[in-house]
Amino acid sequence: LVSSLISGLATIGPRFGGALDDAAHMFTAALDAGLEPAAFVERCKQERRVIMGIGHRVKSIDNPDARVVLIKDYARKHFPSTSLLDFAVAVEAITTKKKI
């Protein structure tokens, strides 16, 4: 039991469970700087920065993570403003759009 707990805690980081926190920090900084989602994505491309919380080997727009669906629905139902969530959804739409 202890080994399982330690193993789980040791894997939490930017790519394993910490992506949501890092994404919130990135998106908040972009919003505070007055960036539009498209400008934020372009800046990340130019700086070769990974956009945390976007992209997953298994989950996708067509196969969403149920936890994310629940969080989005809960936020939209219970909070008067969801500007950070709206920003994140806009970034997701830009980054997952099919390239022509």
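Residues numbered from 1 in each chain as written. Predicted model: local features only at pLDDT ≥ 70, side-chain atom pairs only at ≥ 80, totals over all residues. Heavy atoms only, no water.

A.B. asks: Got a minute to help me understand the overall build of the protein in this structure?
C.D. replies: Counting secondary structure elements, the protein contains 5 helices and 0 strands. Its helices and strands taken in sequence order, the protein reads α-α-α-α-α from the N to the C terminus. (Helix = DSSP H or I, 4+ residues; strand = E, 2+ residues; numbered from the N terminus.)

A.B. asks: Just checking my understanding: could you explain the nonpolar core for this structure?
C.D. replies: Burial of nonpolar side chains together is a common tendency in soluble globular proteins. Met 26, Phe 27, Phe 40, Ile 51, Phe 87 and Val 91 are the most contacted members of the largest nonpolar core, which has 14 residues in total. Going through the elements one at a time, helix H2 (19-32), helix H3 (37-46) and helix H5 (83-96) are the ones with two or more residues in this core. Per-element tally for this core: the top contributor is H2, with 5 residues. When near neighbours in sequence (up to four residues on either side) are disregarded, Ile 51 contacts Met 26, Phe 27, Phe 40, Val 41, Cys 44, Val 91 and Thr 95. (Core = buried A, V, L, I, M, F, W, Y, C linked by side-chain atoms within 4.5 Å. Buried < 20%, exposed > 50% of the residue type's maximum accessible area, 1.4 Å probe, protein only. Contact = heavy atoms within 4.5 Å.)

A.B. asks: Sorry if this is basic, but what is going on with the packing of H2 against H5 here?
C.D. replies: Between two packed helices, both the angle of their axes relative to each other and the distance between the axes serve to describe the pair. Orientation of H2 relative to H5, taken along the N-to-C sense of each, is 100°, at an axis distance of 10 Å. Here H2 is positioned roughly perpendicular relative to H5, judged by the angle of their axes. For the pair formed by H2 and H5, the contact residues are Ala 24, Phe 27, Thr 28, Ala 30 and Leu 31 on the first element and Ser 83, Leu 84, Phe 87, Ala 88 and Val 91 on the second. Among the residues making up the contact of H2 with H5, the classes are represented as 8 nonpolar, 2 polar and no charged. (Axes fitted to C-alpha atoms, helices over the stretch in contact; angles between N-to-C directions. Parallel < 35°, antiparallel > 145°, perpendicular 65-115°, else oblique. Nonpolar A, V, L, I, M, F, W, Y, C, P; charged D, E, K, R; others polar.)

A.B. asks: Would you mind showing me how to read H5 here?
C.D. replies: Taking 1.5 Å of rise per residue, 14 residues should cover 20 Å, and H5 covers 20 Å from first to last C-alpha, within 8% of that figure. Looking only at H5, the buried set comprises Leu 85, Phe 87, Ala 88 and Val 91. Each buried residue of H5 lies within a common arc of 160° when the element is viewed along its axis, so the set occupies one face. Looking at the buried positions of H5, the neighbouring elements they touch are H2, H3 and helix H4 (66-78). (Expected span 1.5 Å × (residues − 1). Arc of directions from axis to C-beta.)

A.B. asks: What exactly am I supposed to notice about the packing of H3 against H5 here?
C.D. replies: Where H3 meets H5, the closest approach of the two axes is 9 Å, and the angle between their N-to-C directions is 60°. In terms of orientation, H3 lies oblique with respect to H5. Viewed along their axes, H3 and H5 form a crossing whose handedness is right-handed. Between H3, through Pro 37, Ala 38, Phe 40 and Val 41, and H5, the contact on the second element is made entirely by Phe 87, Ala 90, Val 91, Ile 94 and Thr 95. Looking at side-chain class alone, the contact of H3 with H5 contains 8 nonpolar, 1 polar and no charged residues. (Left-handed = near helix turned anticlockwise from the far one by under 90°.)

A.B. asks: So what exactly am I meant to see when it comes to the side chain of Thr 82 here?
C.D. replies: Within the secondary structure, Thr 82 sits in the loop between H4 and H5. Judged by relative accessible area, Thr 82 falls into the buried class, the value being 16%. Apart from residues lying up to four places away in sequence, Thr 82 is in contact with Ala 75 and Arg 76.

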